[in-house]
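If you want the building blocks of each chain, they are given just below.
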Amino acid sequence: MNKIAIVYWSGTGNTEQMAFAVLEGAKEKGADAVLLTSAEFDVSTLNTYDAIAFGCPAMGAEVLEEYEFQPMWDDCEGALGGKKVALFGSYGWGDGEWMRNWEESCSTAGAVLACDSVICNEAPDEEALSACKALGASLV
């Protein structure tokens, strides 16, 4: 059975809703999946999972959340080589630049992006939640 972590940070609840949909999709495919906030996850536990979905909304000038998520990400990034990863998050402005930059960061680190990233503007609608479920299933 695949062991999957869904690690997220959410300020308004939009990315949290997406995280629960990712969890649902992974569990429906039979994964041993857990939902963790970025404060509950660190590089020391990264290798206990077969795959990881990371979720973070765009903040500021289209960057990852800077005080909790970014430090966790910085610690984990160098250990992602060969790891199956998926990304998701919401935004309220811009055009998704933060996600493109984040995907590039994953590629540079040698992570294996399991599927297309999922982004949505503001609160996730049914289409975005369905895409999040598919993202979770793709990690299994």
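A brief look at the structure comes next. Model, not experiment: these values are computed from the prediction. (Residues numbered from 1 in each chain as written. Predicted model: local features only at pLDDT ≥ 70, side-chain atom pairs only at ≥ 80, totals over all residues. Heavy atoms only, no water.)

Our focus in this paragraph is the nonpolar core. One finds F41, I52, F54, F69, W73 and W102 to be the most contacted residues of the largest nonpolar core, which totals 25 residues. Contributions of two or more residues to this core are made by β1 (3-8), β3 (51-55), α3 (69-77), β4 (84-91) and α4 (97-109). In contact with F41, other than residues within four places in its own chain, are A5, V7, L36, L46, Y49, I52, F54, M72 and C76. Of all hydrophobic cores here, the second largest spans 22 residues; its members include V22, A53, F88 and L129. (Core = buried A, V, L, I, M, F, W, Y, C linked by side-chain atoms within 4.5 Å. Buried < 20%, exposed > 50% of the residue type's maximum accessible area, 1.4 Å probe, protein only. Helix = DSSP H or I, 4+ residues; strand = E, 2+ residues; numbered from the N terminus. Contact = heavy atoms within 4.5 Å.)

Should the charged atoms of two oppositely charged side chains come close, the side chains can pair. Counted according to the given criterion, the structure contains 3 salt bridges. In this structure, the salt-bridge partner of K133 is E24, at a minimum N-O distance of 3.3 Å. Here the residue K133 occupies a position in helix α5 (residues 126-138), and E24 occupies one in helix α1 (residues 14-28), the gap between them amounting to 109 residues. With relative accessibility at 28%, the residue K133 sits in the partly exposed group. The network of salt bridges with shared partners includes E24, E28 and K133. (Salt bridge = Lys/Arg side-chain N within 4 Å of Asp/Glu carboxyl O.)

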